Amino acid sequence: MPMYQETLVILKPDALERNLIGVIIKYCEDAGLEVLDMRYCKKVGLERLKKHYPDSMALSIGKKAQAAVPSITDPEAHGVKVLEKLRGYFSRGPVLAIRVGGDDAIKEVRRVTGYTDPATAEKGTIRGDLGLDSIERSTAEGRAVENLVHASGNPEEAEAELRLWLP
Ligand code: GDP
Ligand code: MG
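Now for a look at the structure at hand.

Cut-offs and rules
- Residues numbered from 1 in each chain as written.
- Chains lettered and ligands numbered in written order.
- Predicted model: local features only at pLDDT ≥ 70, side-chain atom pairs only at ≥ 80, totals over all residues.
- Heavy atoms only, no water.
- Helix = DSSP H or I, 4+ residues; strand = E, 2+ residues; numbered from the N terminus.
- Rg over C-alpha atoms; globule rule 2.2 N^0.38 Å.
- Buried < 20%, exposed > 50% of the residue type's maximum accessible area, 1.4 Å probe, protein only.
- Contact = heavy atoms within 4.5 Å.
- Near = heavy atom within 4 Å.
- Polar contact = N/O pair within 3.5 Å; in protein donor to acceptor, adjacent residues only side chain to side chain.
- Areas by Shrake-Rupley, 256 points an atom, 1.4 Å probe, with all protein chains shown as cover.
- 1 Å grid on protein atoms, 1.4 Å probe; cavity = no way out; pocket = protein on both sides within 12 Å on 5 of 7 lines; lining within 4 Å.
- Sits in = over half its atoms within 2 Å of the grid points.
- Nonpolar A, V, L, I, M, F, W, Y, C, P; charged D, E, K, R; others polar.
- Core = buried A, V, L, I, M, F, W, Y, C linked by side-chain atoms within 4.5 Å.
- Expected span 1.5 Å × (residues − 1).
- Phe/Tyr/Trp six-rings, centres within 6.5 Å; stacked < 30°, edge-to-face > 60°.
- Lys NZ or Arg CZ within 6 Å of the ring centre and 35° of its normal.

**Topic: the overall build of the protein chain**
Looking only at helices and strands, the protein chain has nine helices and four strands in total. In the protein chain, the succession of helices and strands from N to C terminus is β-α-α-β-α-α-α-β-α-α-α-β-α. Its C-alpha atoms give the protein chain a radius of gyration of 15 Å, near enough to 15 Å, the size a compact globule of 167 residues would have. For the protein chain, the residues scored as buried account for 49% of the 167 residues in total. Expressed as a percentage of contacts within the protein chain between residues at least 6 apart in sequence, the contacts between residues at least 24 apart total 75%.

**Remarks on the site of ligand 1**
Taken together, 17 residues lie near ligand 1, and K64, T116, R143, V145 and N147 sit nearest. A65 places a main-chain nitrogen or oxygen 3.0 Å from an oxygen atom of ligand 1. Here ligand 1, which alone exposes 550 Å², has 95% of that area covered by the protein. When atom positions are compared with the pocket grids, ligand 1 is found to occupy the largest pocket. Going through the elements one at a time, α4 (58–68), α5 (75–90) and α8 (135–140) are the ones with two or more residues in the shell around ligand 1. The biggest single contributor to the shell around ligand 1 is α4, with three residues. Among the residues forming the shell around ligand 1, the class breakdown is nine nonpolar, three polar and five charged.

**Section: the nonpolar core**
The biggest cluster of nonpolar side chains holds 20 residues, and the ones touching the most others in it are V9, L11, I24, I98, I126, L148 and V149. Every element with two or more residues in this core is listed here: β1 (4–11), α1 (13–17), α2 (21–30), β3 (95–103), α6 (105–113), α7 (126–130) and β4 (149–151). The residues contacting I24, other than those within four sequence positions of it, are L11, A15, I126, L130, L148 and V149. One finds V44, V82, F90 and L162 within the second-largest nonpolar core, a separate group that totals 19 residues.

**Points about unusual backbone geometry**
We note that D104 has phi near 50 degrees; this positive angle belongs to a residue other than glycine. Summarising the element assignment, D104 is placed in the loop between β3 and α6. We classify D104 as partly exposed; its relative accessible area is 23%. Phi is positive for L148, which is not a glycine, with a value near 75 degrees.

**Re α5**
Taking 1.5 Å per residue, 16 residues should reach 22 Å; α5 reaches 22 Å between its end C-alpha atoms and fits that length. Along α5, the residues that are buried comprise P75, H78, G79, V82, L83, L86, R87, Y89 and F90.

**Digging into the packing of aromatic side chains**
Both the distance between ring centres and the angle between the ring planes are used here to describe each pair of aromatic rings. Inspection of every chain in the model, using the stated rule, returns two aromatic pairs. Aromatic pair F90 and W165: ring centres 6.0 Å apart, planes at 50 degrees, arrangement tilted. Of the two residues, F90 is situated in helix α5 and W165 in helix α9 (residues 155–165); the sequence distance between them amounts to 75 residues. A single burial state applies to F90 and to W165, both of which are buried. One Lys or Arg, R48, reaches over the ring of W165 and ends 4.8 Å from the middle of that ring.

These figures capture arrangement, not role.
Structure (structure tokens):
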């Protein structure tokens, strides 16, 4: 039985720089999801970013990096560096936070978003079709990977992130 849910999508600065707001929302709408609310954030502050991407994410990010770049030897230390770059990426320009609702919305939005690394994200997904970056390249250049969108990963994240971005 599908369950009605609400989740958070954030269009990251590269999405707005590339004028992809309409295109990305269409991926969600075409998947049967509905836009319920949105907020344009001209410049996201560090305090909010530390709540959205807390220090505790370092290890999981480092492990993702290691999966794409096996020469990384200390995933936790690498993740700490990526997290800092990630907060910089997220605050370099405006972002758009969107409340999306629908049947199994959390899983559906993640499916439409595709995998973190645009180089290996499935075709037919936002990151797979529109992403230009890769974890390999961003790692070599000491950046966070630019992948256009954030989407809540599970019900706990969705609830906390909706409260943080669209109270
Ligand atoms: P998501 O849920 O697919 O967005 O991925 P995570 O929550 O694990 O990571 C948050 C964000 O950090 C991602 O969307 C990327 O922008 C960035 N990121 C995650 N993992 C890596 C990585 O291994 N290398 C780099 N360079 N950036 C990463
Ligand atoms: Mg995530």
